[in-house]
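# Examining the three-dimensional arrangement
The lines below spell out each chain.
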Amino acid sequence: MSIYVFALLIGIIAGLRALTAPAAVSWAALLGWLPVENSWAAFMGYRYTPYIFTLLAVVELVTDQFPSTPARTVPQQFAARVFSGALCGAVIGAASGPWIGGLIVGAIGAVIGTLGGYGARKRLVAATGGRDLPIALLEDAVAIVGAYLIVREAL
C-alpha cells in the first residue's frame, strides 16, 4: 500500500481520537516499525514519548465519556484533531521520505475522521435509543485497534 494511504488512515484515527493516533505512531517509532531515528521525527521514538502519549490518550478516552466534554467539531477540538492527524501523517511519511505529503494527507484524514466519526456516532446513538456509552466505547475500540493495525503495516 502507498505511504499516503497509511497517512490518510492514521489521520482518520486522529479524527476519532486525537491522542490515540500519536500514541500508536510513537510506539511504532520506538519499536522500530517506523524507522524515523535519523529524521526530524526521531523524537516520536524517544524512550519516554510513547508513555507520555499513551497517558494522554487514556485521559482522552476517559474524559470523552463525560457529558460535559465538548463535541469534536468545536474549533479547539477540531483543530487538535487536524494537528494530530497532520503530525502522525508526517511521521509516517518521514519513515520513507515524503513527510510533507504525509502531513497534508494526514490532516485530510483527520477532517474525514472528525466529521465522519461525529456523524456516525450521532446516527448510531439515535439508532440505539440515545445510549451514548456503548457507541463511545465501540468508537474507542475502533480507534485503538485501527491505530495498531495501521502502524504495524505502514512499512
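Keep in mind that this is a model prediction, so the values were computed, not measured.

### Describing helix α1 (residues 3–16)
Here α1 spans 20 Å end to end across 14 residues, near enough to the 20 Å set by a 1.5 Å rise per residue. Where α1 is concerned, the buried positions are Ile3, Phe6, Ala7, Ile10, Gly11, Ile13, Ala14, Gly15 and Leu16. Looking at the buried positions of α1, the neighbouring elements they touch are α2 (20–30), α4 (75–94), α5 (99–127) and α6 (132–153).

### Digging into the layout of surface pockets
The volume enclosed by the largest pocket comes to roughly 400 Å³. Around the largest pocket sit 20 residues that line it, and Asp64, Pro70, Ala71, Arg72 and Arg121 are the ones nearest its centre. For the lining of the largest pocket, the elements supplying multiple residues, two or more each, are α3 (49–63), α4 and α5. Tallied by class, residues from the lining of the largest pocket come to eight nonpolar, four polar and eight charged.

### Structural notes on the nonpolar core
Membership of the largest hydrophobic core comes to 29 residues, with the highest contact counts inside it found for Ile10, Ile13, Val25, Leu34, Val36, Val91 and Ile92. Contact partners of Ile13, with chain neighbours within four places excluded, come to Thr20, Ala21, Val142, Ala143, Gly146, Ala147 and Ile150.

### Here we look at the packing of α4 against α5
Two numbers describe how α4 lies on α5: the axes approach to 6 Å, and their chain directions differ by 145°. Both α4 and α5 take part in a crossing whose hand is right-handed. Across from Phe78, Arg81, Val82, Gly85, Ala86, Gly89, Ala90, Gly93 and Ala94 in α4, the residues of α5 making contact are Trp99, Gly102, Leu103, Gly106, Ala107, Ala110, Val111, Thr114 and Leu115.

### Points about the confidence of the model for the chain
Mean pLDDT for the chain: 93, with 99% of residues reaching 70 or above. Predicted confidence in the chain is weakest over α6, with a mean pLDDT of 92, and strongest over α2, with 97.

### Some points on the side chain of Thr20
Assignment of secondary structure puts Thr20 in helix α2. Ignoring sequence-local partners within four residues, the contact set of Thr20 consists of Ile13, Ala57, Glu60, Leu61, Ala143, Ile144 and Ala147.

### A word on the packing of aromatic side chains
The full count for this structure, using the stated rule, is three aromatic pairs. Judged by centre distance (5.0 Å) and plane angle (75°), the rings of Trp27 and Tyr51 are edge-to-face. With Trp27 in helix α2 and Tyr51 in helix α3, the pair connects residues that are 24 residues apart, well separated along the chain.

### Comments concerning the side chain of Thr49
Counting through the fold element by element, Thr49 comes out in helix α3. Discounting chain neighbours no more than four positions away, the residues touching Thr49 are Ser26, Phe43 and Met44.

### Side note on the packing of α2 against α6
Where α2 contacts α6, the axes come no closer than 9 Å and their chain directions differ by 35°. For the pair α2 and α6, the sense of crossing is right-handed. Where α2 approaches α6, its residues Thr20, Ala24, Val25 and Ala28 are matched on the opposing element by Ala143, Ile144, Ala147 and Val151. Split into classes, the residues belonging to the contact of α2 with α6 amount to seven nonpolar, one polar and no charged.

### Digging into the environment of Tyr4
Mapping Tyr4 onto the fold places it in helix α1. Separated by 85 residues in the primary sequence, Tyr4 and Gly89 have C-alpha atoms spaced 8.0 Å apart. If sequence neighbours within four positions are ignored, Tyr4 has contacts with Pro98, Gly101, Gly102 and Val105.

### A few points about the environment of Leu9
Mapped onto the fold, Leu9 is located in helix α1. Given the relative accessible area of 30%, Leu9 is considered partly exposed. In this structure the C-alpha to C-alpha distance between Leu9 and Ala80, which are 71 residues apart in sequence, comes to 17 Å.

Procedures and definitions
- Residue numbering note: each chain is counted from 1, following its sequence as written.
- Selection of residues for local features in this predicted model requires a pLDDT of at least 70, selection of side-chain atom pairs for listing and counting requires 80 or more, and totals for whole chains, interfaces and linings are taken over all residues.
- To obtain the side-chain values, all non-hydrogen atoms of the structure were included, while hydrogens and water were left out.
- Under the scheme used here, helices are H or I runs from DSSP no shorter than 4 residues and strands are E runs no shorter than 2 residues, and both carry numbers assigned from the N terminus.
- What a helix should span is 1.5 Å times the count of its residues minus one.
- Type-normalised accessible area, obtained with a 1.4 Å probe on protein chains alone, sets the label of each residue: buried when under 20%, exposed when over 50%, and partly exposed for intermediate values.
- Contacts are assigned to residue pairs that have any heavy atoms within 4.5 Å of one another.
- In this analysis, the protein atoms alone were mapped onto a 1 Å grid. Cavities are point sets where a 1.4 Å probe fits without being able to get out; pockets are open sets with protein on both sides within 12 Å along at least five of seven lines; lining residues have an atom within 4 Å of a point.
- Grid points are joined across faces, edges and corners, and a volume is the space filled by probe spheres set on the points.
- Polar here means any residue outside two lists: the nonpolar Ala, Val, Leu, Ile, Met, Phe, Trp, Tyr, Cys and Pro, and the charged Asp, Glu, Lys and Arg; Gly therefore counts as polar.
- The criterion is simple. A nonpolar core is a set of buried Ala, Val, Leu, Ile, Met, Phe, Trp, Tyr and Cys residues joined through side-chain atoms within 4.5 Å.
- For helices, the fitted line uses only the C-alpha atoms of the stretch in contact; every axis is such a line through C-alpha atoms, and the angle between N-to-C directions lies from 0 to 180 degrees.
- Here a crossing is called left-handed whenever its near helix is offset anticlockwise from the far helix by less than a right angle, and right-handed whenever the offset is clockwise.
- One confidence number per residue, pLDDT, is output by the predictor and ranges from 0 to 100.
- We call Phe, Tyr and Trp rings a pair once their centres come within 6.5 Å, taking the six-membered ring for Trp, and we label the pair stacked below 30 degrees between planes, edge-to-face above 60, and tilted otherwise.

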